[in-house]
Amino acid sequence: MLAGFTGYEVISRVPVILHTPLMSGSNFVHGIVLVGAMVALGQANGPVEQVIGFIGVALAAGNAVGGYVVTERMLEMFKVSGKGKP
Amino acid sequence: MNLSPVLLDDIIQVAYFLAALLFILGLKRMSSPKGARGGIVWAGVGMLVATLITFLYPGMHNFGLMLAGILLGGIAAWWSGRRVAMTAMPQMVALYNGMGGGAAAAIAAAELLHPEGLGAAARTLAVIGALIGTVSFSGSLIAFAKLQGLINKSLRFKGQQLLNGLVFLLALAHGVGMVLGHGGSGAVIAFFALSLLFGVLMTVPIGGADMPVVISLYNAFTGLAVAFEGFVLQNPAMIIAGMVVGSAGTLLTQLMAKAMNRSIGNVLFSNFGETSAATGEVAGSMKPIDAADAGVMMAYGSKVIIVPGYGMAVAQAQHKVWELTKLLQDRGVSVKFAIHPVAGRMPGHMNVLLAEAGVPYDIIADLDEINPEFPNADVALIIGANDVVNPDARERKDSPIYGMPILDADKAKNVIVIKRGQGRGFSGIENALFYRDNTRMLYGDGQEAVARLIQGIKTLD
């Protein structure tokens, strides 16, 4: 509940210009699912569960890494534009 | 290591809380342009801490597979994330988001295949998370395919809502069955197949213009799915991060839907764009202009407002536009950019592109700031935008976009529209602005047309 409220707080004060990076940033944050996928795979028994767990880990790692790279690239631009300002 | 199990468990829990804290602080920093870059680094550190500590989790095996999975997913995503063009960003976000949803669903599947260890409450949460995650997974993939242009048509047929409802209820019924403990692996498979199907069916009829809202919605979905699976696994980092993303994503979705003057339900369930094509007949004709004349108009004006849209992004014209802006500024012309909340394919998409080109953000204005300024502007230059400047939204009650907040570009003294051809906008409706007496059409690809404008202005000296 507290976390939900925090999320609401955080985003309600964000200027429109940062919505895309923010969406991409929150997209990165739910890459934390990787942790759960690792636990699921780590406790998996038998080939079926191992395959499912493996898929989960691969997908989650993609979410986390991809989310980070894309967000970082977007925000990089804001830094460059910031320098151009008087 | 010689740590006692209890101590190790404490360390893991503390690390997870630390990671969650870093996520929240990171997202918070992202809410101002200055701190934004630091924000993602903080969140990244949080992710690293959480991932590394998980290797210490008690009672784990399959480490080889785990590393292989991380490397496979990570390298593929790193490679594609580096390569993708800025204009293709929205669909990449959709893709990564879908992967997260799929991962949450995979966790649920692994847990539900050995349900003995789970109580009824945990099973319920696992099922709910699985449903949401799976829908987010298949839905995001469809959204990706649509934005990437792999699917062009919005598929609609009679009784679609009924079918969707039926599939959803069937999936739900299997879910309830699993909670009650009747499910073998057959039920688990049927449940996931139905959920996948529902995600596809739900997304297929939605038009491309609404995709940003949909992606944002699925982003929130994945967050919630992660939180639910976090409850199942008793993992504080997943619970907190998932809830934050879920609520933030929901709010973002609402903001976007509001900017288009539609409710989320309306986006998901109405057949936008299909019935509307016929209503757009407009009297008058489009009047072309050549680049030299258009250049003169802007160079000798005192105030120019540029309205960029997705067309600018497609044509990669943002750098040329910034060059044009600087040229005009050197001549003493005041130039501003007007950004509609849903310009492009994601909220803030245009801001990112302009920032990429080097446009400082203090001359970029949003709808509420800029609208009172249009009547004072000598020229409104519209590059690849269409529906967001259609005055029908203000004036014609029978227009399908009636009531959507628009940029009042038509109130400028002169309007110059750079456009590739005479086609319609993304919503498929005719734009009354193009037929106005004060509007001139400059045909051509965005980048090349702006280059001609620059040429035209340079020859004035």
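In the block above lies the structure referred to throughout.
Residues numbered from 1 in each chain as written. Chains lettered and ligands numbered in written order. Predicted model: local features only at pLDDT ≥ 70, side-chain atom pairs only at ≥ 80, totals over all residues. Heavy atoms only, no water.

## Observations concerning the interface of chain B and chain A
The condition is simple: Note on definitions: a residue-residue contact is assigned when non-hydrogen atoms from the two residues lie within 4.5 Å. Two parts placed together each lose some accessible area; with a 1.4 Å probe, that loss summed over both constitutes the buried area. Should a side-chain nitrogen of Lys or Arg be within 4 Å of a carboxyl oxygen of Asp or Glu, the pair is scored as a salt bridge. By the criterion applied in these results, polar contacts are pairs of N or O atoms within 3.5 Å in which, for protein atoms, one can donate a hydrogen and the other can accept it, and in which residues neighboring in sequence qualify only through two side-chain atoms. Only runs of H or I of at least four residues qualify as helices and only runs of E of at least two qualify as strands under DSSP, and these elements are numbered from the N terminus. Throughout this entry, Asp, Glu, Lys and Arg are counted as charged residues, while Ala, Val, Leu, Ile, Met, Phe, Trp, Tyr, Cys and Pro are counted as nonpolar. The remaining residues, Gly among them, count as polar.
Between chain B and chain A, the contact holds 92 residues from the first and 73 residues from the second. Summing both partners gives a buried area of about 7,400 Å² for chain B against chain A, and 78% of it is carried by carbon and sulfur. In this assembly, chain B and chain A are joined by 1 salt bridge. A salt bridge links R82 of chain B to E72 of chain A, with the nearest nitrogen and oxygen atoms 3.6 Å apart. Across the chain B-chain A interface, the total number found is 15 residue pairs in polar contact (both at pLDDT 80 or more). Looking at the side of chain B that touches chain A, the elements that each hand over two or more residues are helix 1 (5-29), helix 2 (36-54), helix 3 (63-83), helix 4 (89-113), helix 8 (211-233), helix 9 (236-259) and helix 14 (349-357) of chain B. Looking at the side of chain B that touches chain A, its residues break down into 59 nonpolar, 26 polar and 7 charged.

## What to know about the sheet that holds strand 5 (residues 414-419) of chain B
All names here are of chain B. Stated formally: Strand pairing is assigned whenever DSSP identifies at least 2 bridges connecting the two strands. Axes, fitted as lines to C-alpha atoms, cover a helix only where it is in contact. Angles between the N-to-C directions of the axes lie from 0 to 180 degrees.
Strands sit in the order 3-2-1-4-5-6 across an open sheet of 6 strands; the sheet is parallel. Looking at the sheet topology across the chains shown, the edges are occupied by strand 3 (364-366) and strand 6 (439-443). Direction aside, the axes of adjacent strands within the sheet are offset by 25° on average. Relative to strand 6, strand 5 is paired through 5 bridges, and the arrangement is parallel. If you follow V417 over to strand 6, its bridge partner there is M441. On the sheet, helix 11 (residues 291-299) packs against strand 1 (303-308), strand 4 (379-383), strand 5 and strand 6 and is oriented at approximately 135° with respect to strand 5. Against the sheet, helix 13 (residues 318-330) contacts strand 1, strand 2 (334-339) and strand 4, and its axis sits at roughly 145° relative to strand 2.

## Topic: the packing of helix 4 of chain B against helix 8 of chain B
All names here are of chain B. Rule in force here: Each angle gets one of four labels, with under 35 degrees taken as roughly parallel, over 145 as roughly antiparallel, 65 to 115 as roughly perpendicular, and the rest as oblique. By convention, the crossing between two helices is left-handed when the near helix turns anticlockwise from the far helix through less than a right angle, and right-handed when the turn is clockwise.
Following both chains from N to C, one finds helix 4 and helix 8 inclined at 25°, their axes separated by 9 Å at the closest point. On the basis of the axis angle, helix 4 is roughly parallel to helix 8. Once helix 4 is placed against helix 8, the crossing between them reads as left-handed. Contacts between helix 4 and helix 8 involve P90, V93, A94, N97, G100, G101, A104, I107, A108 and E111 on the former and, on the latter, I215, Y218, N219, T222, A225, V226, E229, V232 and L233. Here the contact of helix 4 with helix 8 is built from residues that sort into 12 nonpolar, 5 polar and 2 charged.

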